[in-house]
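Chain and residue survey
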Amino acid sequence: WHGHGEVDPLVKMQFALESERVAKRMGATNYTFKSYAGLAHSVNPAEITDVLSFLEKVLPPDDSCRIKLKDPSEMSIKELKGAIAKGGLGRLAIGLYEKREYVDLVRRHQEGKL
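The following paragraphs examine the structure supplied in this document. (Residues numbered from 1 in each chain as written. Predicted model: local features only at pLDDT ≥ 70, side-chain atom pairs only at ≥ 80, totals over all residues. Heavy atoms only, no water.)

1. Some details on the pairing of strand β1 (residues 2-5)
Pairing analysis gives four bridges linking β1 to strand β2 (residues 33-36), with the strands arranged parallel. Looking at the pairing, His4 lines up with Ser35 of β2. (Pairing = 2+ DSSP bridges. Helix = DSSP H or I, 4+ residues; strand = E, 2+ residues; numbered from the N terminus.)

Structure below.
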């Protein structure tokens with residue numbers, strides 16, 4: 001799969017199309033090129049959706065390739081605080097003192113209960 005912005009000033013469309021030709025000439029059999037109108041050297045929601053669709057087709061659908069989240073009860077305080085910051089939960093952590101409170105907050109976030 002190959003996505004490319006039609007107004008990319010860094011990698012011109014002609015080079016993206018040449019990449020497609022070379023890949024196919026070298027034997028790529030399952031190659032899809034898609035251009036995105038108005039897109040510069042970046043990504044947009046449509047391209048992300050297309051990438052996700054492609055990945056769902058080519059990656060195995062079994063649990064062996066799924067990311068397994070660490071159990072919050074096995075995290076250090078530093079890891080819990082990092083998870084809270086990354087999850088945008090800082091305001092919910094104000095006033096927490098005990099590790100179990102941090103664990104509960106992260107666990108509820110992982111379970112989608114916040």
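Next, the rest of the story.
2. A look at the nonpolar core
Within the largest apolar cluster, ten residues are counted, these being Met75, Leu80, Ile84, Leu89, Ala93, Leu96, Tyr102, Val103, Leu105 and Val106. Listing elements by their share of this core, those giving two or more residues are α3 (77-86) and α5 (99-110). If you tally residues by element for this core, the top one is α5, at four residues. (Core = buried A, V, L, I, M, F, W, Y, C linked by side-chain atoms within 4.5 Å. Buried < 20%, exposed > 50% of the residue type's maximum accessible area, 1.4 Å probe, protein only.)

3. So, the pattern of salt bridges
If you walk through the whole model with that rule in mind, you get six salt bridges. In this structure, the salt-bridge partner of Glu18 is Arg21, at a minimum N-O distance of 3.1 Å. Residue Glu18 and its partner Arg21 are both found in helix α1 (residues 13-25); the two are separated by three residues, about one turn of the helix. What makes Glu18 partly exposed here is its relative accessible area of 32%. Given the relative accessible area of 44%, Arg21 is considered partly exposed. One salt bridge in this structure joins Arg107 and Asp71, with 2.7 Å as the shortest N-O distance. Of the two residues, Arg107 is situated in helix α5 and Asp71 in the loop between α2 (45-58) and α3; the sequence distance between them amounts to 36 residues. (Salt bridge = Lys/Arg side-chain N within 4 Å of Asp/Glu carboxyl O.)

Coordinates in, geometry out; function isn't part of it.
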